[in-house]
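Structural characterization, general
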Amino acid sequence: MFLKTFIQLCLTSVVLGSVINNPNVRVFKRVVDQQPILPVEVTNFSTDGQGIGPVTGIDLDSNGDLFVFHSGDRSWNASTFKRGSNVLSNAALVPINQDTIYRVDPNTGRRLSSFGKDFFNMPHGLKIDSQDNIWVTDAGRHQVFRFKKGATTPDLELGVKFVPGSDDKHFCKPADVAIASSGEFFVADGYCNSRIIKFSSSGQVISKWGVPLNRAVSPYTLNIAHSITLVEELDLVCVADRESSRANCYNAGLKGGTTGIFNRTIIPQNQAGKIYAVYYSKADRAIIAAGVTSQTPISYWGRVTYPPRAYTYSLTGQQIMAWAHITPTIAKYGESLIHDLCTSPDGQDLFLADLDQHRVYKYTYRVQ
């Protein structure tokens, strides 16, 4: 396992060197002498000491405030669900007894407000739409919720509480949601059902696609559809196929055409580890992704390699750069696993949700 990871990390540097000379990559504007500018960590930003548990989802609203979805003192482990079942254990049926959605100052990391106490059971994905509505998925409740701007109770609730299923009325551990400017939205019903579902703005099923991985990987197999993002100008919806270590894009059908038709591979298989999250940076016309090759630095044959936790890809599927490496300073806090990420509207600031370290990291292109 260590040898495989070490080789993969070495290959990352080879890939990085090759794609910068690819003319398709030169549309990325943050380049000096044909080399990408790496974002740097903002060390005076901190979400520590505020009761934040495993961070599962993050996004920013139109004001620039950062919203953090976390599970408090609850972790997803072998006892969360009943053995051999997708139904929560008796202990996990009790909702989390603390606020799980934090509104955070994007400059300091300090909490501005919060809500969600005694409502969620297993927080997972979070997205904010163009109207500043908050959308979340709860993998334990098997549900998707929308909270109108400023509200602390949902105005839209999909799925049946605590009941997993595979028909149009049920989800099974839904992972993420992406919302179009039209109000239509897509749900990555990823852990059990291996499918993407497109809904109308009122919550009616429009279409769905995806099949479980059996033997061979194909453009339509999904082995945990873990994260989803929209590239509306290209009418694409891109999906992190986590356990297949890749990300694919499909026709979103927002501008006509058939929804769910495979369009392109945006992150080739096994190039960036297991893909936990994808997020479209409109400012940079690029996909940023959370890829996990290792959760700690790797020591092999006397050489220590510091694995990246995030990657930037062009819309043609070329890797531009690998960044946010697990440095010795970061490793002091234990294993690191980036579960979600997002950028500011201008693309200057980037936020990484660390599931294992119970914190959010901030990186920036700005001169500090």
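The preceding data block contains the structure.
Anyway, here's the lowdown on the structure attached to this text. All values derive from a computational prediction rather than experimental measurement.

Bringing the overall build of the protein chain into the picture now. Summing up its helical and strand segments, the protein chain has two helices and 28 strands in all. For 368 residues, the compact-globule formula gives about 21 Å, and the C-alpha radius of gyration of the protein chain, at 19 Å, lands near that figure. Counting every position in the protein chain, which comprises 368 residues, the buried fraction comes to 56%. In the protein chain, once contacts between residues fewer than 6 apart in sequence are set aside, the share between residues at least 24 apart is 49%. Working note: accessible area of the protein chain is about 15200 Å², and carbon and sulfur atoms make up 50% of it. The averaged location of the 32 negative side-chain charges in the protein chain is 4 Å from the averaged location of its 36 positive side-chain charges.

Now for the nonpolar core. Ile58, Leu66, Val68 and Leu352 are the most contacted members of the largest nonpolar core, which totals 37 residues. The residues touching Ile58, leaving out its near neighbours within four places in the chain, are Leu66, Phe67, Val68, Leu126, Asp340, Leu341, Cys342, Phe351, Leu352, Ala353 and Val360. Among the nonpolar cores identified, the runner-up in size contains 18 residues, and Ala240, Ala272, Tyr311 and Tyr313 belong to it.

Before going further, it helps to spend a moment on the state of the cysteines. Under the definition given, this model contains two disulfides. The residue that forms a disulfide with Cys172 is Cys192, at a sulfur-sulfur distance of 2.2 Å. Classification of the bridge connecting Cys172 and Cys192 rests on its S-S torsion, roughly -65°, and on that basis the disulfide is left-handed. Linking Cys172 in the loop between β11 (156-158) and β12 (176-179) with Cys192 in the loop between β13 (185-189) and β14 (195-199), this pair joins segments that are 20 residues apart in sequence. Note on Cys172: relative accessible area 4%, which makes it buried. Given the relative accessible area of 26%, Cys192 is considered partly exposed. The side chain of Cys238 participates in a disulfide bridge whose partner is Cys249; the two sulfur atoms lie 2.1 Å from each other.

Once that is clear, we can look at the sheet that holds strand β26 (residues 338-343). The four strands are arranged β3-β28-β27-β26 in an open sheet whose pairing can be described as antiparallel. Looking at strand neighbours, the two that pair on one side only are β3 (40-41) and β26, the edges of this open sheet. In terms of strand pairing, β3 meets strand β28 (residues 359-364) through two bridges, oriented antiparallel. Bridged to Val40 within β28 is Thr364.

Taken as a whole, this structure holds 16 salt bridges when the rule is applied. The closest approach of N and O atoms between Asp168 and Lys208, which form a salt bridge, is 2.4 Å. Of this pair, Asp168 sits in the loop between β11 and β12 while Lys208 sits in strand β15 (residues 205-209), placing them 40 residues apart in sequence. Note that Asp189 and Arg195 form a salt bridge whose closest N and O atoms lie 2.9 Å from each other. Summarising the burial analysis for this pair, Asp189 and Arg195 share the class buried. Members of the salt-bridge network, linked through shared partners, are Arg242, Glu243 and Lys274.

By secondary structure assignment, the location of Asn193 is in the loop between β13 and β14. A distance of 2.9 Å separates a polar atom in the side chain of Asn193 from the backbone oxygen of Gly165. Those residues in contact with Asn193 that sit more than four places away from it in its chain are Gly165, Ser166, Phe171 and Cys172.

Our focus in this paragraph is the packing of aromatic side chains. Counted under the stated rule, the structure contains 19 aromatic pairs. Between Phe119 and Phe147 the ring centres are 6.2 Å apart and the planes differ by 75°, which places this aromatic pair in the edge-to-face class. Here Phe147 lies in strand β10 (residues 143-147) and Phe119 lies in the loop between β7 (111-115) and β8 (123-128), a separation of 28 residues in the sequence. By relative accessible area, which is 22% here, Phe119 ends up partly exposed. A relative accessible area of 1% means that Phe147 is categorised as buried. Here the aromatic rings of Phe186 and Trp209 are separated by 6.5 Å at their centres, their planes lie at 70°, and the arrangement is edge-to-face. Of this pair, Phe186 sits in strand β13 while Trp209 is found in strand β15, placing the two residues 23 residues apart along the sequence. Accessibility expressed as a relative area gives 0% for Phe186, which makes it buried. Take Trp209: its relative accessible area is 8%, and that puts it in the buried class.

Once that is clear, we can look at unusual backbone geometry. A positive phi is found at Trp301, a non-glycine position, where the angle reads about 55°. Along the chain, the position of Trp301 falls in the loop between β22 (298-300) and β23 (303-305). On the basis of relative accessibility, which here comes to 76%, the residue Trp301 falls in the exposed class. Backbone geometry at Ala324 places phi at a positive 55°, although glycine is not the residue there. With respect to the secondary-structure elements, Ala324 resides in the loop between β25 (319-323) and α2 (328-331).

Calculation criteria
- Residues numbered from 1 in each chain as written.
- Predicted model: local features only at pLDDT ≥ 70, side-chain atom pairs only at ≥ 80, totals over all residues.
- Heavy atoms only, no water.
- Helix = DSSP H or I, 4+ residues; strand = E, 2+ residues; numbered from the N terminus.
- Rg over C-alpha atoms; globule rule 2.2 N^0.38 Å.
- Buried < 20%, exposed > 50% of the residue type's maximum accessible area, 1.4 Å probe, protein only.
- Contact = heavy atoms within 4.5 Å.
- Areas by Shrake-Rupley, 256 points an atom, 1.4 Å probe, with all protein chains shown as cover.
- Lys, Arg positive; Asp, Glu negative; His and termini not counted.
- Charge placed at Lys NZ, Arg CZ, Asp CG, Glu CD.
- Core = buried A, V, L, I, M, F, W, Y, C linked by side-chain atoms within 4.5 Å.
- Disulfide = S-S within 2.5 Å.
- Pairing = 2+ DSSP bridges.
- Salt bridge = Lys/Arg side-chain N within 4 Å of Asp/Glu carboxyl O.
- Polar contact = N/O pair within 3.5 Å; in protein donor to acceptor, adjacent residues only side chain to side chain.
- Phe/Tyr/Trp six-rings, centres within 6.5 Å; stacked < 30°, edge-to-face > 60°.

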